[in-house]
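Descriptive analysis of the structure
These are the residues of each chain, in order.
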Amino acid sequence: MKTHCLFRVLTLILILAGLASCSKKSSDITGLSSEMFNNIEWRKAGPGAYGGRISEIIVHPANDSIIFVSPSTGGIFKSSDACLNWIPVFDLAGSSISIGDMDISSNNPDLLWAGTGEASGEQSPSTVGDGIYRSVDGGLTWNNMGLEKCRHFSKVVIHPQDDNTVFAGATGGRWGADEDRGVFRTTDGGMTWEKVLFINNNTGIGDIAIHPDGKTVFASAWEQMRNAWAHVRQGPNSGLYRSDDTGSTWNKVEDGLPEGKSGRIAIAIAPSDPEIIYACYEHDSLGLFRSEDKGQTWKNINNKVSTSYWYGRIYVDPTDENHLWVMGVWVQESFDGGKTFSPVRMEGVHVDHHVLWINPDNTAHRLLGNDGGLYFTTDGGDKWVFAGNLPIGQYYDISTDNSTPYRIYGGLQDNGVWGGPSRSANGRPVSNSDIINVSGGDGFYSANEPEEQEIVYGESQYGNIVRLDRRTGERTRIRPRPESKDEEYRFNWNTPFFVSRHSPHSLYIGAQKILKSTNRGKSWKEVSPDLSKNLKLDTILVIGQKPVLKPYCTITTLAESPLRKGLIYAGTDDGNIYVTLNDGETWENLSENLPAPADRFITRVMPSSHKEGRIYTAFGRFYEANVLSPYLYVSDDYGKTWKDIGCNLQEEVIVKGLAEHHDNPDLLFAGAHNGLFVSIDGGESWTRMHGDMPYVAIEDIEIHKRENSLILGTYGRGLWIQDNIAYLTGLTVDSLKEEHLLFDPVYLESGLSADSVFEPAEYNFIAPEPDEGLNIYYYLREEPKQGSRHMPVITIENTAGETIFTKELDPVKGFNRIVWAEGSDNSEYHIKLKTKKKESVRSYNPSGI
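Attention in this report is confined to the structure presented alongside it. These numbers were taken from a predicted model, which means no experiment stands behind them.

Rules of the game
- Residues numbered from 1 in each chain as written.
- Predicted model: local features only at pLDDT ≥ 70, side-chain atom pairs only at ≥ 80, totals over all residues.
- Heavy atoms only, no water.
- Helix = DSSP H or I, 4+ residues; strand = E, 2+ residues; numbered from the N terminus.
- Buried < 20%, exposed > 50% of the residue type's maximum accessible area, 1.4 Å probe, protein only.
- Lys, Arg positive; Asp, Glu negative; His and termini not counted.
- Salt bridge = Lys/Arg side-chain N within 4 Å of Asp/Glu carboxyl O.
- Contact = heavy atoms within 4.5 Å.
- Pairing = 2+ DSSP bridges.
- Phe/Tyr/Trp six-rings, centres within 6.5 Å; stacked < 30°, edge-to-face > 60°.
- Lys NZ or Arg CZ within 6 Å of the ring centre and 35° of its normal.

Quick notes on the side chain of D442
Topologically, D442 is positioned in the loop between strand 35 (436-439) and strand 36 (446-448). For the buried D442, no salt bridge is present, and the opposite-charge side chain at shortest range is R53, 7.0 Å distant. For D442, the residues in contact, after removing those within four places along its chain, are L412, Q413, D414, N415, G416, E459, S460, Q461 and W493.

As structure tokens, then:
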């Protein structure tokens, strides 16, 4: 017994020692902090040729030119000129820019509320929110008003007569049971909240509607659960609830409504006749219900039209109680109170519709939000205009080529794979027309052949890979198919593939097995056994029900070593990691070597470009355990042993994208569901690296080797670029202790022609160019006081020692940049930075000698 107790004590000491050593590497000890990046700007490259999913649209009640749009994972954008121009207004609000719903006061249009965390049944952690927010200045600034653990909001409604009373419907945590779901009410403007309706730990709220009388409130309960392999979309605890005392007490409405299991329920009260209320169900056999007595009794009027977990909205014409729209793959419209419906014909409009706004003063004016972005009509729907100036693309993965300028390709949620130049290639700004489509569907991985840049690959969901020859425009579907009819390949929703850098015509793609082609996908062969656990899940119940099964036991990440041909790693959604050192002849299971829980989803494997045996892996446990903690590891011996390098990431960080700098093995980047992190010491410590970038999800990261550019594929705000990160490549923990640092200057070039005449079309996104000129980066350890005689000064001299430029710098602590636009890319310069006790000199030599 004493030996056993001693062993437990020693084990506890070792664990505590490990935690202590981890905490010593935090950013306050290393000296690097997120604030040091505040003065570094990103180039927001869009594009806007495609949009992203829209979760809500609200319009100023007295001025229909003032519009607020919430891309589901991209924050909130405001237009004051009817969609011609947009500004993001939620970027600095909190730690999540995923928006579930918004509302604006009809009494005081400066008052807005927003619930973070998208409510639709999207599986990505990028949709997780951090509470409910209020703005009292027309959306310019926002304050968190609580409910941080609710995670996802389906509806936020301001009381029609009392602005201090607000209802919030929370679906709650998506991947596990909890109590932070239900209807929440504040009567003091958000200072305090009361949970006024709670069904159980698995049942949240799908919709809320308040009657104009201010007392009658409706809420739809929605029982659901999701994990990596299953989705319970309906349950017996779903249903419609009504309150007659402004939400203090509730009763389930049953008269005329379906019994048994149902899913999401949409509610709409007819503005022209509030006695008439509609409820649209996700149900196996019943769809639309109507009440003509303010929701006391109901009648089923249509079984062909229903909603679902992905949509959940119904709208009634403000002037005609019998004219209504149900959101879905198509917009379904009825003119007879729901008895009959027909799909709305909308030429050139994306499918999968989520929200609709109808102008109460002119019902021919409508705004529509779907998976493809924002559209509007002013003629009742005969013509729809796409707002292609909203850079809200939801990237899953990105890639680059070596063209000049280099191109960026990427796959987007429900918008295919697209590609375009990183800067101007023809003398005029990059606009939507410069972006080409590679493949359709939901877009995921992309790649090009290193020796033939015009051969490009893209894919849609479940491994539907396409080869495109840009020269001819020919597209060829090359998805592998098993030779035996008795076998079926299991492809993940986001199926990984890559083009080998060692054998340029060779492709590898992961199902449950890895398949290889040596002829650009014309034929395939298996080069691995089943690398998953191959679990049998068809008899397992989730929250007591048989779920809808998703493809599972699949490969989710796949990568080849840049240093050694045939060295390949694969990770699966059921927690396995494998390696082959001989191009698939033999495989080794590394899963048991990871000192981490086995219930995990592998999100990334990344072989090092500096050391052959080094491999990084990231995974999450959000699906499996409803845990949002970070898991990031490195191995230097091909995965035999691992070191935890994620312990200093913030508590709720799910790593999705990874990158290692090609010149500096200690410079690492991690993209998470809520932002970007950088390490300058090989992962021993991590720091948020944001600058002017919001807490958007970073799904993938590319570093372009030739240009030293850092490119981010965000899930909700398109592409973000730092055109050169030379200021980071030589950075060390010790160097941050210096009074200042002056980094190697970089000449950046714009492709714009001086005589270019370009008139952009309305509602067209124009990508900004790199800041042309000599870009000078520097670092200040401390911030000198304004007016001090020791202000930092930059001086530029020519080769003759003559001063040709001098500037007193803004005394901003951290990393900074100035651009000398008069500089030339074919001249040599010497740059000096002088502060109180130190002077540094760097030279720019275009010859590189």
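Quick word on the pattern of salt bridges
Pairing of side chains with opposite charge becomes possible as their charged atoms draw close. Evaluation of the coordinates by the stated rule reveals 39 salt bridges. Between E282 and R233 there is a salt bridge; the shortest N-O distance is 3.1 Å. With E282 in the loop between strand 21 (277-281) and strand 22 (288-291) and R233 in the loop between strand 17 (230-232) and strand 18 (239-243), this pair connects stretches of sequence that are 49 residues apart. Judged by its relative accessible area of 4%, E282 is buried. In this structure, R520 and E449 form a salt bridge, with 2.9 Å as the shortest nitrogen-oxygen distance. Of this pair, R520 sits in the loop between strand 42 (514-517) and strand 43 (525-526) while E449 sits in the loop between strand 36 and strand 37 (455-460), placing them 71 residues apart in sequence. Connected through shared salt-bridge partners, E449, E452, D469, R471 and R520 make up one network.

A closer look at the side chain of S460
Here S460 lies in strand 37. By relative accessible area, which is 12% here, S460 ends up buried. Once you skip the residues sitting within four places of it in the chain, S460 turns out to touch G440, G441, D442 and F444.

Digging into the pairing of strand 53 (residues 655-660)
Consecutive residues of a regular strand have side chains that alternate between opposite faces of the sheet. Taken across its 6 residues, strand 53 has 6 buried, putting it largely inside the fold. As judged from the 5 bridges shared by strand 53 and strand 54 (residues 668-672), these two strands associate in the antiparallel manner. Considered in strand 54, the bridge of V655 is made with A672.

What about the packing of aromatic side chains?
Here the structure, examined in full by the defined rule, presents 32 aromatic pairs. When the centroid spacing of 5.4 Å and the interplanar angle of 55 degrees are considered together, the rings of Y396 and Y715 count as tilted. In this pair, Y396 sits in strand 32 (residues 395-400) while Y715 sits in the loop between strand 58 (709-714) and strand 59 (719-722), placing the two residues 319 residues apart along the sequence. Accessibility assignment for this pair places Y396 and Y715 in one class, buried. These aromatic residues form a ring-pair network of at least three members: F37, Y727, F743, Y777, Y779 and F815. The ring of F198 has K195 lying over it, and the distance from NZ or CZ to the ring centre is 4.3 Å. Here R600 stacks its cationic end above the ring of F619, 5.6 Å away from the centre of that ring.

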